[in-house]
Amino acid sequence: QVQLVESGGGLVQPGGSLRLSCAASGFTFSTYTMNWYRQAPGKERELVASITNFGGSTNYADSVKGRFTISRDNAKKMVNLQMNSLKPEDTAVYYCNARVRGVVIWGQGTQVTVSS
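Residues numbered from 1 in each chain as written. Predicted model: local features only at pLDDT ≥ 70, side-chain atom pairs only at ≥ 80, totals over all residues. Heavy atoms only, no water.

Draft legend 1. Geometry of the packing of aromatic side chains. In the structure shown here, the tally under the stated rule is four aromatic pairs. The rings of Phe 27, Phe 29 and Tyr 32 are connected pair by pair, giving a single aromatic cluster. Geometry around Tyr 95 places Arg 45 over its ring, the cationic atom sitting 3.8 Å from the centre. Stacked on the ring of Phe 29, the Lys or Arg Arg 72 has its end atom at 4.4 Å from the ring centre. (Phe/Tyr/Trp six-rings, centres within 6.5 Å; stacked < 30°, edge-to-face > 60°. Lys NZ or Arg CZ within 6 Å of the ring centre and 35° of its normal.)

Here it is as structure tokens:
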């Protein structure tokens with residue numbers, strides 16, 4: 001069964017940090033580009049960061065460049081999102097995502113709230 005499970009969300013003050021993790025199972029993880037998306041209340045889901053199968057290339061939304069870092073551990077089948085200098089506008093549900101054999105897979109999401 002192809003599955004993505006996120007963890008690591010929570011409440012953090014502005015300027016703080018969080019590290020999100022996504023555990024993958026049911027597919028050959030090292031074959032696929034992995035993505036993090038987020039969706040804030042009342043807004044469309046947006047792509048935050050991507051990393052290619054062996055981590056040779058990463059891409060970020062302009063709004064998070066220089067603050068967020070995506071990484072992966074193919075041996076552990078994990079993809080991570082280190083989020084620093086968090087802002088209230090980063091508040092959203094964060095989703096792990098991959099297109100596996102032509103099918104788009106989503107995790108259940110993890111809530112990140114940035115508030116004082």
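After that view of the structure, there is still more to cover.
Draft legend 2. Looking closely at the nonpolar core. Judged by nonpolar contacts, the single largest core of 31 residues is most densely connected at Met 34, Trp 36, Val 79, Leu 81, Met 83 and Tyr 94. Secondary structure elements with two or more residues in this core: strand 3 (18–25), strand 4 (34–39), strand 5 (46–51), strand 7 (68–73), strand 8 (78–83), strand 9 (92–100) and strand 11 (110–114). Considering each element in turn, this core owes the most residues, five residues, to strand 9. (Core = buried A, V, L, I, M, F, W, Y, C linked by side-chain atoms within 4.5 Å. Buried < 20%, exposed > 50% of the residue type's maximum accessible area, 1.4 Å probe, protein only. Helix = DSSP H or I, 4+ residues; strand = E, 2+ residues; numbered from the N terminus.)

Draft legend 3. Structural detail: the sheet that holds strand 3. What the four strands build is an open sheet, ordered 1-3-8-7; its pairing is antiparallel. At either margin of the open sheet sits one strand with a lone partner, and together these are strand 1 (3–7) and strand 7. When the angles between neighbouring strand axes are averaged without regard to direction, this sheet yields 15 degrees. By the bridge criterion, five bridges tie strand 1 to strand 3 in an arrangement that is antiparallel. Bridge pairing links Leu 4 to Ala 24 in strand 3. (Pairing = 2+ DSSP bridges. Axes fitted to C-alpha atoms, helices over the stretch in contact; angles between N-to-C directions.)

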